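# Structural characterization, general
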Amino acid sequence: MGKVYVAGVGLTKIGEHWDKGLEQLMVEAALKALDDSGLSRVNSIYVGNMAGEFLQEQAHLGAIIAEDLGMVGTPAYRVEAANASGAAAIHAGALEIASGRADAVLVIGGEKLSDGLIEEVSSALLMGERQEYEGFMGADFYSINALLYKLYMRRYEVKDDLIAVFPMLSHKHAKGVAHAQYPFEVSLEKILSSPYISEPLRRFEVSGVGDGAAAIVLIGEELKSKIKTPKTELYISSATDFMTPFEREDPLRFQSLGVAVNKVLDEAKVDRGDVDLIEVHDATSIMAAISLESSGFAEPGESGRLAMRGEFDLGGRLPYNTFGGLKARGNPFGATGVYQVAELHLQLTGRAGKNQVDSPRVGMAQSLGGVGATAIVTLLKAV
Amino acid sequence: MRVSRHWRNKLFRYRLVGWRCVSCGAFHYSKPLVCKRCGSREFREVELPKTGKLLAYTMVKIAPKDFKDKAPYLVGLVELDDGTKILGQLTDFTKEELKEGARVEAVLRKIREDGENGIIEYGFKFRPEIHHPP
């Protein structure tokens, strides 16, 4: 298998883009990424998107984006894995580079949630669960998270502040970030006094509704020596788990994530302790806590205490969600996994501005589909 | 479109009938070809017990579109008397009765309507157990 490198990234600001369509956002991000890499053509395009068929009633995004980019003729597909669609698109693109079939691939993740009403966005999110089970019960994504939250507090005898600390941290790191949807701090008190969306899960513990697109350019060994732009080396692994957490051996552990993390560390020949910063899938506060514990970066039930002690701050042991994560940078479903990897690339190439972590060598991004039924983990190494 | 989909699932939705893997015991609410846990291809039809206890519950405030008019409503994780854990909506609970560990029983209730012209879908929900005289 050949090596895979990130050679350019492009981000759009996440927000409510009333004046732009899904396709436009994707093209904007793609052009930025191409410009960043210095390339104008690629062998293939992979588009990550979750809800376009439902919210925009638009399938066939691969060919559409190729056309809108002026790249008619280039192979282009949409890849879907619920909230991890963006990371799945990266996975597909990386495999094509690693196989030697392509030397340059463009990966774009995009989602436009503001085209839907709030109940439609909830329905879109529910499509990542089983319609014939959770869907029929009206047991939406947040209610499943709320049940896990309760089981977590009971098992580990912790209060909600040790879980709500994660959105606080994401907001702290999003402060002043140009592409973040909510670039400001929110105090723990404010989070804990926000209304319940699904008790005990509060409004300020879940990611908001936003539009956005992110893109990265992947290249192989042959192009690497030819282009001068800053590069990072990419490793990516994935695993699945039972759809419903309550059918897993332990509902408070994302086994898919644990497996994918171990696989990617193994492939990259990196120890867990060598990871300098981490992007965690904090679609909800409780998913952040369970993710850190399932992937071995905190003992079970301990992640909140570590966060309170500052271990996940920008200057801490393991800087976490350094541009605000899903909670504060934003979570346009199919785009999110690409934002995460693009942000790691900015960190590892020393272009993270005021959020720059002190000379990082290794970064990890964790993307989850549903409540952890899909886990895709990307590891970037400085070159 | 949804009519046949609901019809296919009616045994589980109306009577909590599903399929248990003969080899590992995993429960499947729709008829499987392969066991999701052990890969076996042998199953027996089972009717789950209608009573159990509430392990955890929550209230859905912002519902998916099909349940928009029903919000807020309660969703619970229930452990049935044979140990099977299933999700379901809760109904008929008073504030005092709503406690983790509460005994519950399944009842047939309306779940949702498919718009103005579609079918009305029924299925089980859980209510506090009513003690019948022996």
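Remember, it's a predicted structure, so these values are computed and weren't measured experimentally. (Residues numbered from 1 in each chain as written. Chains lettered and ligands numbered in written order. Predicted model: local features only at pLDDT ≥ 70, side-chain atom pairs only at ≥ 80, totals over all residues. Heavy atoms only, no water.)

What follows concerns the sheet that holds strand β10 (residues 362–369) of chain A. The pairing of strands in a sheet happens through backbone hydrogen bonds and is either parallel or antiparallel. Residue and element names in this part refer to chain A. With mixed pairing, the 9 strands of this open sheet are ordered in space as β3-β2-β4-β7-β1-β8-β11-β10-β9. Unpaired on one side and paired on the other, β3 (76–79) and β9 (277–279) mark the two borders of the sheet. Mean inter-strand twist for the sheet, computed between neighbouring axes without regard to direction, equals 25°. (Pairing = 2+ DSSP bridges. Helix = DSSP H or I, 4+ residues; strand = E, 2+ residues; numbered from the N terminus. Axes fitted to C-alpha atoms, helices over the stretch in contact; angles between N-to-C directions.)

Turning next to helix α5 (residues 118–126) of chain A. Residue and element names in this part refer to chain A. The element α5 is largely enclosed, with a buried count of 7 among its 9 residues. Along α5, the residues that are buried comprise Glu119, Val121, Ser122, Ser123, Ala124, Leu125 and Leu126. Those residues of α5 hidden inside the fold are in contact with α2 (52–55), α6 (131–137), α7 (141–156) and α15 (333–348). (Buried < 20%, exposed > 50% of the residue type's maximum accessible area, 1.4 Å probe, protein only. Contact = heavy atoms within 4.5 Å.)

As a further point, take the side chain of A:Arg248. Residue and element names in this part refer to chain A. For Arg248, the location among the structural elements is in the loop between β8 (232–240) and α11 (255–268). Owing to a relative accessible area of 5%, Arg248 belongs among the buried residues under this scheme. At 2.7 Å, the side chain of Arg248 forms a polar contact with the backbone oxygen of Phe242. Among the polar contacts listed, one links the side chain of Arg248 to the backbone oxygen of Val371, at a separation of 2.9 Å. (Polar contact = N/O pair within 3.5 Å; in protein donor to acceptor, adjacent residues only side chain to side chain.)

Let us look at the interface of chain B and chain A. Frequently, the measure chosen for interface size is the accessible area removed from exposure when the parts meet. Facing the 37 residues of chain B at the interface are 34 residues of chain A. When chain B packs against chain A, close to 3,100 Å² is buried across both sides, 59% of that on carbon and sulfur atoms. Our count for the contact surface shared by chain B and chain A stands at 6 salt bridges. If you look at where chain B meets chain A, you find 17 residue pairs in polar contact (both at pLDDT 80 or more). Counting only elements with at least two residues in the side of chain B that touches chain A, the list comes to α1 (2–8), α2 (10–15), β4 (51–60), β5 (73–80), β6 (85–90), β7 (103–113) and β8 (120–128) of chain B. Ranked by the residues each element gives to the side of chain B that touches chain A, the list is headed by β4(B), at 6 residues. In the side of chain B that touches chain A, the residues fall into 19 nonpolar, 6 polar and 12 charged. (Buried area = accessible area lost by both parts, 1.4 Å probe. Salt bridge = Lys/Arg side-chain N within 4 Å of Asp/Glu carboxyl O. Nonpolar A, V, L, I, M, F, W, Y, C, P; charged D, E, K, R; others polar.)

Quantified by volume, the largest pocket comes out at close to 440 Å³. Taken together, 24 residues line the largest pocket, and the ones lying closest to its centre are A:Phe246, A:Glu247, B:Gly83, B:Thr84 and B:Lys85. When residues of the lining of the largest pocket are traced back to their parent elements, those giving at least two are α7 of chain A together with β6 of chain B. The dominant element in the lining of the largest pocket, judged by the number of residues it contributes, is α7(A), at 3 residues. Taken together, the residues of the lining of the largest pocket sort by class into 12 nonpolar, 3 polar and 9 charged. Per-domain counts for the lining of the largest pocket show at least three residues from each of domain 1 (1–47) and domain 2 (49–134) of chain B. (1 Å grid on protein atoms, 1.4 Å probe; cavity = no way out; pocket = protein on both sides within 12 Å on 5 of 7 lines; lining within 4 Å. Points joined across faces, edges and corners; volume = space filled by probe spheres on them. Domains from an automatic or database assignment.)

All right, on to the environment of A:Ala104 then. Residue and element names in this part refer to chain A. Secondary-structure assignment places Ala104 in strand β4 (residues 104–112). Residue classification places Ala104 among the buried residues on the basis of a relative accessible area of 5%. Note: C-alpha distance between Ala104 and Val42 (62 residues apart in sequence) is 4.9 Å.

All right, on to the side chain of A:Glu279 then. Residues and elements named next belong to chain A. With respect to the helices and strands, the residue Glu279 is situated in strand β9. Judged by relative accessible area, which is 1%, Glu279 ranks as buried. A polar contact is formed between the side chain of Glu279 and the backbone nitrogen of Thr322, at a distance of 3.0 Å. With sequence-adjacent residues up to four places away left out, Glu279 is seen in contact with Asn321, Thr322, Phe323, Gly325, Arg329, Gln340, Glu343, Leu344, Met364, Ala365 and Gln366.

This part is about the pairing of β10(A). Residue and element names in this part refer to chain A. Taking burial as the measure, the 8 residues of β10 include 8 buried ones, the bulk of the element. Every second residue of β10 is oriented toward a common face, with Val362, Met364, Gln366 and Leu368 on one face and Gly363, Ala365, Ser367 and Gly369 on the other, all of them buried. Inspection of the sheet shows β9 paired to β10 by 3 bridges, in the parallel sense. Paired with Glu279 across the strands is Ala365, a residue of β10.

Here we come to unusual backbone geometry. Residue A:Pro200 follows A:Glu199 across a cis peptide bond; omega there is 5°. Mapped onto the elements of the fold, A:Pro200 is located in the loop between β5 (196–198) and β6 (201–202). Looking along the chain, the bond that leaves B:Ala71 and enters B:Pro72 is cis, with omega of 0°. Relative to the assigned elements, B:Pro72 resides in the loop between β4 and β5. Its identity as a non-glycine residue notwithstanding, A:His60 has a phi of 60°, on the positive side. Mapped onto the elements of the fold, A:His60 is located in the loop between α2 and α3 (61–68).

It is worth spelling out the nonpolar core at this point. One finds A:Tyr152, A:Phe166, A:Phe312, A:Tyr320, A:Met364, A:Leu379 and B:Phe126 to be the most contacted residues of the largest nonpolar core, which totals 98 residues. The element that contributes the greatest number of residues to this core is α7(A), accounting for 10 residues. Per-domain counts for this core show at least three residues from each of domain 1 (1–47) and domain 2 (49–134) of chain B. In this view, B:Phe126 contacts B:Val78, B:Leu80, B:Ile86, B:Leu87, B:Gly88, B:Gln89, B:Leu90, B:Thr91, B:Phe93, B:Val104, B:Glu105 and B:Ala106; residues no more than four positions away in its chain are not counted. (Core = buried A, V, L, I, M, F, W, Y, C linked by side-chain atoms within 4.5 Å.)

Remember, this is a structural readout, not a statement about activity or role.
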